[in-house]
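Residues per chain, in single letters:
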Amino acid sequence: MAPPRTYRCEAIILSYTPLGEADLLVTMFTRDQGKVRAVGKGARRSTSKLVGHLEPLTLMRMSMAHGRSMDIISQAEVVQSFSKLKEDLTGITKGLYLAELVDGFGAEDSANPELYRLMIETLLAIETDPESDMPLRFFEFHLLQVSGLMPELYHCVECRAELEPDAHRFSPNVGGTLCLDCNPEDAHLRLLSLRALKVLRLLDRSDIAAACKLSLDDSLAAELKSLLSTTVSYWLGKEIRSNSFLERLNNESLPEVYI
Ligand SMILES: [Zn+2]
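Just so you know, these numbers come straight off a predicted model, no measurement behind them.

Section: the domain arrangement of the chain
Now for step 1: Its domain assignment divides the chain into domain 1 (6-81) and domain 2 (84-249).
Now for step 2: The distance between the C-alpha centroids of domain 1 and domain 2 comes to 29 Å.
Now for step 3: Taken together, the contacts link 20 residues of domain 1 with 22 residues of domain 2.
Now for step 4: Overall, the association of domain 1 and domain 2 removes approximately 1,700 Å² of surface from exposure, summing both partners, and the carbon and sulfur fraction of that is 65%.
Now for step 5: The interface formed by domain 1 and domain 2 includes two salt bridges.

Structure representation (structure tokens):
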């Protein structure tokens, strides 16, 4: 039997680019099929029923039609617009950082419902408190976990010895924590304080609401941010663009155009 020509799906829009005169090429992360690229026919025309519906960081219910090379979006209905998050430049930038990571880690035609849920709950947490960085740390840690790259936090990845309560080292590319005696040749080693290890273990055990209640001092927050974004960038194989923008946003006063 021929597969059905149309199907429905629920998806978060990650990004779009103009295509031809009036179309949009939309990248979305669906609950049931992972990453999908699809065409919004005529979506840039002011008369289109799709106009304004395909904004990044919007949770949609879609009707889709199988196309010859790419699927076509025939109908789109907003489920959750995250409008409060989009009113805030820091909130938008953090949201786009998530979208870039999901685009990088999500695979086409491969469902990852845990990653889908993780993105939605993190967007809601950013919307609740756009200034807090804990939703991003929670997301980065669990992104590694749901992508099968869960960092080891309890044993040395080399000799398997149980870690003593002490300072340790961490390596993104050999899979997590190392004792002070092991020096694998190809490991990108960095120091890991006992405090940071404890927070990582807490992120491992907590839900996002509990993680967002954590209050870290500046040096601990900086250590975790550096460790997790380095690990995520290592696996992604490139520097993450929106993360650099977020960095600049934190370090510079905003130009007037953004206010
Ligand atoms: Zn060891």
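Thoughts on unusual backbone geometry
Now for step 1: One non-glycine residue, Asp109, lies in positive phi territory at about 55 degrees.
Now for step 2: With respect to the helices and strands, the residue Asp109 is situated in the loop between α2 (89-105) and α3 (113-128).
Now for step 3: In this model, Arg160 sits at a positive phi of 70 degrees, which is unusual for a non-glycine residue.
Now for step 4: Using a relative accessible area of 46% as the deciding quantity, one classes Arg160 as partly exposed.

Here we look at the sheet that holds strand β7 (residues 176-178)
Now for step 1: A sheet is described by the order of its strands in space; here three strands give the open sequence β7-β6-β8, paired in antiparallel fashion. Of all the strands in the sheet, just β7 and β8 (190-192) have a single pairing partner and so form its edges. Within this sheet the neighbouring strands show an average axis-to-axis angle of 45 degrees, counted without direction.
Now for step 2: Here strand β6 (residues 168-171) runs beside β8; their pairing, made up of three bridges, is antiparallel. Paired with Phe170 across the bridge in β8 is Arg190.
Now for step 3: Sheet strands touched by helix α5 (residues 194-205): β6, β7 and β8. Its angle to β8, the strand with the most contacts, is close to 75 degrees.
Now for step 4: Contacting β6 and β8, helix α7 (residues 218-236) runs over the sheet at an angle of about 130 degrees to β8.

Looking at the environment of Lys198
Now for step 1: Locating Lys198 in the fold gives a position in helix α5.
Now for step 2: For the pair Lys198 and Thr230, spaced 32 residues apart in sequence, the C-alpha to C-alpha distance is 18 Å.

Observations regarding α2
Now for step 1: Between its first and last C-alpha, α2 extends 24 Å over 17 residues, near the 24 Å set by a 1.5 Å rise per residue.
Now for step 2: In terms of burial, α2 is a largely internal element, 12 of the 17 residues being buried.
Now for step 3: For α2, every residue scored as buried is listed here: Thr90, Gly91, Thr93, Lys94, Gly95, Tyr97, Leu98, Ala99, Glu100, Leu101, Val102 and Phe105.

Describing the side chain of Thr27
Now for step 1: Among the structural elements, Thr27 can be located in strand β2 (residues 23-30).
Now for step 2: Judged by its relative accessible area of 5%, Thr27 is buried.
Now for step 3: Sequence-distant contacts of Thr27, defined by excluding residues within four places in its chain, comprise Ile12, Ile13, Leu14, Ser15, Lys35, Val36, Arg37 and Asp103.

Definitions and limits used
Residues numbered from 1 in each chain as written. Predicted model: local features only at pLDDT ≥ 70, side-chain atom pairs only at ≥ 80, totals over all residues. Heavy atoms only, no water. Domains from an automatic or database assignment. Contact = heavy atoms within 4.5 Å. Buried area = accessible area lost by both parts, 1.4 Å probe. Salt bridge = Lys/Arg side-chain N within 4 Å of Asp/Glu carboxyl O. Helix = DSSP H or I, 4+ residues; strand = E, 2+ residues; numbered from the N terminus. Buried < 20%, exposed > 50% of the residue type's maximum accessible area, 1.4 Å probe, protein only. Pairing = 2+ DSSP bridges. Axes fitted to C-alpha atoms, helices over the stretch in contact; angles between N-to-C directions. Expected span 1.5 Å × (residues − 1).

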